[in-house]
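Structure at a glance
The chain contents come next:
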Amino acid sequence: MFILKLVLRNTFRHKLRTALTILSIVIALVAFGLLRTVIRSWYAGVEASSASRLVTRNAISLTFPLPLSYRDKIRGVDGVKTVSYGNWFGGIYKDRKNFFANFAVDHKTYFQLQSEFILTPQEHDAFVRDRKGCVVGQKLAKKFGWEIGDSIPLEGTIFPGTWEFVLRGIYTGKEKNTDESLFFFQWDYLNETLKKTMPLRADKVGFYMIGVNDPGRAVDITVAVDRLFKNSLAETLTETEKAFQLSFISMSEAVIIAIRLVSFVVIIIIMAVAANTMAMTVRERTREYAVFKTLGFGAFRIMAMIFGESLLITMTGCVLGVVLTYPAAGAFGRALGDYFPVFEVDKNIFAVYAAASLLVGITAAVFPAWKAIRITIAEGLRRIE
Amino acid sequence: MNAKSPIVEIRNISKSYRRDSQNIPVLEDITFDIAEGEFLALMGPSGSGKSTLLNLIAGLDRPDSGSILVGGVDIASLSESGLAGWRASHVGFIFQFYNLVPVLTAFENVELPLLLSGLSRTDRQEHVNMALGLVNLSDRMDHYPSQLSGGQQQRVAIARAVVTDPAILVADEPTGDLDRVSAEDVLALMDRLNREMGKTIILVTHDPVAAAKARTTRHLVKGVLT
Ligand SMILES: Nc1ncnc2c1ncn2[C@@H]1O[C@H](COP(=O)(O)OP(=O)(O)OP(=O)(O)O)[C@@H](O)[C@H]1O
Ligand SMILES: [Mg+2]
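Cut-off values and rules
- Residues numbered from 1 in each chain as written.
- Chains lettered and ligands numbered in written order.
- Predicted model: local features only at pLDDT ≥ 70, side-chain atom pairs only at ≥ 80, totals over all residues.
- Heavy atoms only, no water.
- Core = buried A, V, L, I, M, F, W, Y, C linked by side-chain atoms within 4.5 Å.
- Buried < 20%, exposed > 50% of the residue type's maximum accessible area, 1.4 Å probe, protein only.
- Contact = heavy atoms within 4.5 Å.
- Buried area = accessible area lost by both parts, 1.4 Å probe.
- Salt bridge = Lys/Arg side-chain N within 4 Å of Asp/Glu carboxyl O.
- Helix = DSSP H or I, 4+ residues; strand = E, 2+ residues; numbered from the N terminus.
- Nonpolar A, V, L, I, M, F, W, Y, C, P; charged D, E, K, R; others polar.
- Domains from an automatic or database assignment.
- Polar contact = N/O pair within 3.5 Å; in protein donor to acceptor, adjacent residues only side chain to side chain.
- Pairing = 2+ DSSP bridges.
- Axes fitted to C-alpha atoms, helices over the stretch in contact; angles between N-to-C directions.
- Near = heavy atom within 4 Å.
- Arc of directions from axis to C-beta.

1. Overview of the nonpolar core
In this structure, Phe292 and Ile306 of chain A together with Val8, Ile10, Phe32 and Leu53 of chain B are the most contacted members of the largest nonpolar core, which totals 85 residues. For Phe292 of chain A, the contacting residues outside a window of four places in its chain are Phe2, Leu6, Phe297, Ile302 and Met305 of chain A together with Val101 and Leu112 of chain B.

2. A word on the interface of chain A and chain B
Taken together, the contact pairs 19 residues of chain A with 22 residues of chain B. Together, the buried faces of chain A and chain B total about 1,900 Å²; carbon and sulfur atoms form 69% of this surface. The largest contributions to the chain A side of the interface with chain B come from Arg9, Thr294 and Leu295 of chain A, which together make up 29% of the buried area. Summed over the shared surface of chain A and chain B, the result is two salt bridges. Residues Lys5 of chain A and Glu108 of chain B are paired through a salt bridge, measuring 3.0 Å at the closest nitrogen-oxygen approach. Of all the secondary-structure elements, those providing two or more residues to the side of chain A that touches chain B are α1 (2-11), α12 (286-294) and α15 (377-382) of chain A. Sort the elements by how many residues they give to the side of chain A that touches chain B and α12 of chain A lands first, with six residues. Of the residues that constitute the side of chain A that touches chain B, the class distribution is nine nonpolar, three polar and seven charged.

3. Notes on the domain arrangement of chain A
All names here are of chain A. Here chain A is described as being made up of domain 1 (2-44 + 252-382) and domain 2 (60-234). Put simply, the middle of domain 1 and the middle of domain 2, counted by C-alpha atoms, are 49 Å apart. Counting residues at the interface gives seven residues for domain 1 and eight residues for domain 2. Regarding the contact of domain 1 and domain 2, the summed buried area is about 610 Å², with carbon and sulfur atoms giving 41% of it. The interface formed by domain 1 and domain 2 includes zero salt bridges. Of the residues assigned to the side of domain 1 that touches domain 2, the class counts are four nonpolar, one polar and two charged.

4. Remarks on the side chain of Asn194 of chain B
Residue and element names in this part refer to chain B. You can see Asn194 is positioned in helix α6 (residues 180-197). A distance of 2.3 Å separates polar atoms of two side chains, one belonging to Asn194 and the other to Arg215. Leave out the neighbours within four places in its chain, and Asn194 touches Gly37, Glu38, Phe39, Lys199, Ile201 and Arg215.

5. Brief notes about the sheet that holds strand β1 (residues 6-19) of chain B
Residue and element names in this part refer to chain B. The strand order across the open sheet built from four strands is β2-β1-β4-β5, with neighbouring strands paired in antiparallel fashion. Lying at the two open borders of the sheet, with one neighbouring strand each, are β2 (22-35) and β5 (73-74). Bridge count for β1 against strand β4 (residues 65-70) is five bridges, and the pairing is antiparallel. Note that in β4 the partner of Glu9 across the bridge is Leu69. In the packing of helix α1 (residues 50-57) onto the sheet, the strands contacted are β1, β2 and β4, and the crossing angle to β1 comes to about 125°.

6. A word on unusual backbone geometry
Apart from glycine, the bulk of residues carry a negative phi angle, and the bulk of peptide bonds sit in the trans form. Located in the positive-phi region is Lys94 of chain A, a residue other than glycine, with phi close to 65°. Counting through the fold element by element, Lys94 of chain A comes out in the loop between β3 (80-88) and β4 (102-105). We classify Lys94 of chain A as exposed; its relative accessible area is 71%. The backbone phi angle of Tyr98 of chain B is positive, close to 60°, even though this residue is not glycine.

7. Considerations on the site of ligand 1
Looking at ligand 1, there are 14 residues lining it, with Ser46, Gly47, Lys50, Ser51 and Thr52 of chain B nearest. More than a single chain frames ligand 1: its nearby residues are located in chains A and B. Here Tyr17 of chain B contributes a side-chain N or O atom positioned 3.5 Å from a nitrogen atom of ligand 1. The contact in question runs from an oxygen atom of ligand 1 to an N or O atom on the side chain of Ser46 of chain B, over 2.5 Å.

8. Quick notes on helix α2 (residues 80-90) of chain B
Listing the buried residues of α2 of chain B in full gives Leu83, Ala84, Trp86 and Arg87 of chain B. Seen from one end, α2 of chain B has its buried residues packed into an arc of 165°, which puts them on one side. Packing partners of the buried residues in α2 of chain B comprise α12 and α15 of chain A together with α1, β4 and β6 (91-94) of chain B.

9. Concerning the pattern of salt bridges
All names here are of chain A. Using the criterion set out here, one finds 25 salt bridges over all chains in the structure. Of the charged contacts in the structure, one is a salt bridge between Arg168 and Asp130, with a shortest N-O distance of 2.8 Å. Residue Arg168 is located in strand β8 (residues 162-173), and its partner Asp130 is located in the loop between α6 (121-129) and β6 (133-137); the two are separated by 38 residues in the primary sequence. Between Asp188 and Arg131 there is a salt bridge, with its nearest N and O atoms 3.6 Å apart. Of this pair, Asp188 sits in helix α8 (residues 187-197) while Arg131 sits in the loop between α6 and β6, and the two are 57 residues apart along the sequence. On the basis of relative accessible area, Asp188 is assigned to the buried category, the value being 15%. Classification of Arg131 by relative accessible area gives partly exposed; the value is 32%. Bridged by salt links that share partners, the residues Asp106, Lys108, Arg131, Asp188 and Glu192 form one connected network.

Here you go:
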């Protein structure tokens, strides 16, 4: 078709201008994609959290512990299937910059409840049998080159001293968004040591994790658990794991809003860039469009030429953007792997790319097209560039 | 058909432009005929309204008042798209700056007016080859305008103007941008189109040498035709 051929050739008439316009669209889209992926990663923990798990913590704050004695009372609540528990350990491996999350957890129940952390039965047995055993995610193991049987020392911050562990298991994630960079060891090891060195801090639990039979009753159960400890020395706050995770994120809500905002500003910028290119292009060709009109080409065909060119530019940018988002996200994810254990591009983002490119392509062409159509032939022919 | 019967009948046309809030009259109550087969040169000082008049005859613009009959059709009464269709089949255009589309080859430029005609591809090809043969540029049909000299570009433009076989050719200073030799070529070509193919030609020019090629010369001075 003739118009198509013309659009194609016109688009590459000013190669540098077109290339720069496409480049800015690609950069903007990839930046948009990365920002969106950052937000998504931020929420990955929430998405991965199970609806059939509840977390109970001290009502005052997470940093205040709960007595171990609550375990049996919680177990007695109707609808509760499993009760596990643990402490944020906050240990450091060699250097502060090697940050990863590490927990002391009840070895008998924890991996039953966290069924998305997959361990072979042999590994699980080995972990349970060894008081100093630990289990890490495969991403973490890979990062430090740990293998089963390795001995790993952590320097305690909340619980002073150097703590020696032996790697007994490396778990993999069941889902794509499962965090594979966590470190777990036996709560009993922590507790037995504390009994000897700091008896006052022994038999204290940072959080309980509760598995329920029926997720539909989760809310009732949170109320029932908290009622148990009402007016006791350590009142509890029980919520679904999702709400628990969200309470971490809410602290940085402002940051997320800012990133969201920036990602939309990016779209507006490419709109301006594309609109500028199209305005320049169409203005230069005013006389040419007058010639087309002289020869009998109507408004519809002129519009097709202008919209076609605008869309060809933005859609080319879109395709290149899609192609380049993966390597860009890969590099970004590797560089910031410590902060974003799960950095996966959401394929839905490409629908947003396409929609944005379409919108930008059309918007950029509207005003120039309107001008090109409105100008009379006599006037258009008088234009000398 | 009587060669002396008028193909263009201009009756009492006036045209003025509005600039800011001022009305600038360009043509005032002009009446004249152009006979079929005529080769008319329209001369006059710059700004006298030659291009304006030519645009009105060719249906590129509309008069404020008066009527223009071309081949018996009152073109001022046609709708915008009706006028576009009428132009495409009745008038060929030759401009001072050739106005070829730079991204199209000579062949494709000449083919342009035929794309709206509904002709088959092979028919179009035949017409284009004929038109390019007429201007003696068959060997340049795959060249882009930037690869052609000014004179060659103007000849491609002439091929484009005649490819639909219109009865009337309008040319607005077609030699204004050419050297003497190329200008001679173009004028000789127009002369042939007039003599051999019976085209009615209206040529706007400043150049007395060009005007001398025409059979009739009329002068437009301050909106009045003499
Ligand atoms: N679109 C327009 N708006 C305002 N004034 C116009 C417009 N087109 C032409 N004019 C004015 O009308 C007058 C006649 O213009 P026109 O182009 O017909 O002259 P011309 O005889 O062809 O001149 P030249 O020999 O320089 O080409 C000029 O004064 C010009 O400035
Ligand atoms: Mg003029």
